[in-house]
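# Fold and contact review
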Amino acid sequence: MPAELICFERACRARYPITEVIYNCRQCGGLIEARYEFRGVDPEALKRLWRERRTSNAPLDQSGVWRYRELIPFLDDTAGTAGIATLREGNTPLLEAPGAARWAGLDRVEFKHQGFNPTGSFKDNGMTCGAAQAIRLGMRRVACVSTGNTSASMAAYAAAAGLQPIIFIPHGNIAFGKLAQALEYGARTFQVEANFDQILALVRTLAERLGIYLLNSINPFRIEGQKTIVVEMLDQRDWRPPEWIVLPGGNLGNVSAFGKALRELRDLGLIAKMPKLAVIQAEGASPFYRFMRAPHPVPFRAVEHPETLATAIKIGDPVSWPKARFEVSSSGGVVEMVTEQEIADAKAQIGRCGIGCEPASAATLAGIRKLVGAGLIRAHADVVAVLTGNLLKDPDYIWRYHTGELEAPSGERLESTYGNRPEVVPNDAKRIEALLGG
Ligand code: F0G
């Protein structure tokens, strides 16, 4: 299956070998994507093959990414496991959540919960591919800047693959659970006194100078892996596309991956209809919302000082916005933004369903509620929301919300609308019995 890298810009489309270390087009500066010449694809045979692999004990078949390797054929050979580190990523459930649906004004909603991944976020889907490409290229060191999840994931996959992970994070601005993971997986960790966007520029310079492989989502192989989130979701739905796929937007790599996956699935005849993509941003870090929802066409403008308690999506200058614009527009989708209070309450509602997620993920349900309210999503619509990270990533936020101590970046105290305060009691059965109404 011939594979190459190609400039994403429709007016350029410069091509590069699949083994080129390149993140932006040398001719026009555009983003890069992987492109394949798929030949002789039989959609029904592929669907059957992927189902069969679910019962296999081979490591690559057990991976929810490599199981779908026919759709990400950038390596010359995936017959064996050599050169691929898999922690059995993907394999994440599609969960119904009637309580959350009611709260958002929908008849029904399904959560594709990427927090069930080995390091607790959707980054694992992409990272197994990024690490495989690093090995194929003979790289020894890999680096990323991160709001936390990418670094935790990269550290794990680099460690598993025998690569040296080097991570750069905004000092004091990532959830503790994520930083703890990176340390435990053995990453060399730099806490930089700058924000995500500033550090990305720094890391790009360092990577080039030192020959370190960059594993941010600007890396096209990360995007290839993240395509499988949508593929697995459709497989779980017996190939019935939902009307909407809703996801949070930060650096906008994930929506780019989803759009590419859906277009390829449609072109190969695996699905007949394209779902619409809805991207939800936090109000204080919403450059893509402002760009896409402006009443007149405007140039893309970064938010210089992004602010949100959903630190995973605290990004003001998302690199993948040109891809994201294309994917959202061509799917007939929409971009929405939500407040800190809306995110916090949506998160508590997802928790009450016994599911739970990290703050950035809850932006999805908050966004759905707003879009249903505005009549953009119908109450009967078939909606899948992607929960991107695990509840335990950010326990500090949860504690503060439930005890009424959560403050927005502006300093404003948030309402503990669905708060659940722990009660301190004496070691006295009678008193506790009385509290329990016994
Ligand atoms: N949700 C979570 C939990 C994330 O960690 C991220 C991104 C996003 C949503 C947004 O995804 O960037 O593809 O639009 N986290 C990155 C990181 C930036 O460094 O971990 P996106």
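Presented here is an overview of the structure given in this document.

What counts and what doesn't
Residues numbered from 1 in each chain as written. Predicted model: local features only at pLDDT ≥ 70, side-chain atom pairs only at ≥ 80, totals over all residues. Heavy atoms only, no water. Buried < 20%, exposed > 50% of the residue type's maximum accessible area, 1.4 Å probe, protein only. Helix = DSSP H or I, 4+ residues; strand = E, 2+ residues; numbered from the N terminus. Pairing = 2+ DSSP bridges. Axes fitted to C-alpha atoms, helices over the stretch in contact; angles between N-to-C directions. Parallel < 35°, antiparallel > 145°, perpendicular 65-115°, else oblique. Left-handed = near helix turned anticlockwise from the far one by under 90°. Contact = heavy atoms within 4.5 Å. Nonpolar A, V, L, I, M, F, W, Y, C, P; charged D, E, K, R; others polar. Near = heavy atom within 4 Å. Polar contact = N/O pair within 3.5 Å; in protein donor to acceptor, adjacent residues only side chain to side chain. Areas by Shrake-Rupley, 256 points an atom, 1.4 Å probe, with all protein chains shown as cover. Salt bridge = Lys/Arg side-chain N within 4 Å of Asp/Glu carboxyl O. Expected span 1.5 Å × (residues − 1). Core = buried A, V, L, I, M, F, W, Y, C linked by side-chain atoms within 4.5 Å.

### Re the pairing of strand S3 (residues 32-36)
- Taken across its five residues, S3 has four buried, putting it largely inside the fold.
- Pairing of strand S1 (residues 3-7) with S3, which is carried by five bridges, proceeds in the antiparallel orientation. Its bridge partner lying in S3, Glu4 is registered against Arg35.

### Details of the packing of helix H4 (residues 123-136) against helix H5 (residues 149-161)
- Look at H4 against H5: their axes get within 9 Å of each other, and the N-to-C directions meet at 45°. By the angle between their directions, the pair H4 and H5 is classed as oblique. Of the two possible hands of crossing, H4 and H5 adopt the one that is right-handed. When H4 is examined against H5, the residues Lys123, Asp124, Met127, Thr128, Ala131 and Ile135 are found in contact with a partner set consisting of Asn149, Thr150, Ser153, Met154, Tyr157 and Ala161.
- Tallied by class, residues from the contact of H4 with H5 come to six nonpolar, four polar and two charged.

### Quick notes on the site of the ligand
- Taken together, 20 residues sit near the ligand, with Ser146, Thr150, Gly250, Asn251 and Thr388 positioned nearest.
- Within the contact set of the ligand, a nitrogen atom lies 3.5 Å away from a backbone nitrogen or oxygen of Ala312.
- Coverage of the ligand by the protein amounts to 98% of the 480 Å² it exposes when considered alone.
- Going through the elements one at a time, H5 and helix H9 (253-267) are the ones with two or more residues in the shell around the ligand.
- Each residue belonging to the shell around the ligand can be placed in one class, and the counts come to seven nonpolar, eleven polar and two charged.

### As for unusual backbone geometry
- The phi dihedral of Asn91 falls on the positive side, at around 55°, and the residue is not glycine.
- Inspection of the secondary structure assignment puts Asn91 in the loop between helix H2 (59-62) and strand S4 (94-96).
- Residue class for Asn91 comes out partly exposed when judged on its relative accessible area of 36%.
- If you check the backbone angles, Trp239 has positive phi at about 70° while not being a glycine.
- Here Trp239 lies in the loop between helix H8 (220-236) and strand S10 (244-248).

### Structural notes on the environment of Gln181
- Within the secondary structure, Gln181 is located in helix H6 (residues 176-184).
- Residue classification places Gln181 among the buried residues on the basis of a relative accessible area of 16%.
- Not counting the four nearest positions on each side in its chain, Gln181 is found in contact with Thr119, Ala152 and Lys393.

### What to know about the pattern of salt bridges
- Going through the model one piece at a time under the given rule, you end up with 32 salt bridges.
- For the salt bridge of Glu224 with Lys227, the shortest nitrogen-to-oxygen distance reads 2.7 Å. Of this pair, Glu224 and Lys227 are both found in helix H8, three residues apart, which corresponds to roughly one turn of the helix.
- Take Lys227: its relative accessible area is 2%, and that puts it in the buried class.
- Each of Glu96, Arg108, Glu110, Arg237 and Asp382 takes part in a single network of salt bridges with overlapping partners.

### Some thoughts on H5
- Here H5 spans 18 Å end to end across 13 residues, near enough to the 18 Å set by a 1.5 Å rise per residue.
- The element H5 is largely enclosed, with a buried count of ten among its 13 residues.
- Taken together, the buried residues of H5 touch H4, strand S6 (141-145), strand S7 (164-170), H6 and H8.

### As for the nonpolar core
- Of all hydrophobic cores here, the largest spans 58 residues; its most connected members are Leu5, Trp66, Phe74, Val142, Phe168 and Tyr213.
- Residues within four places of Leu5 in sequence aside, it is in contact with Ala14, Arg15, Tyr16, Pro17, Ile18, Glu20, Ile22, Ile32, Glu33, Ala34, Pro220 and Phe221.
- The next biggest cluster of nonpolar side chains, apart from the first, holds 44 residues, and it includes Ala97, Val338, Ile355 and Ala363.

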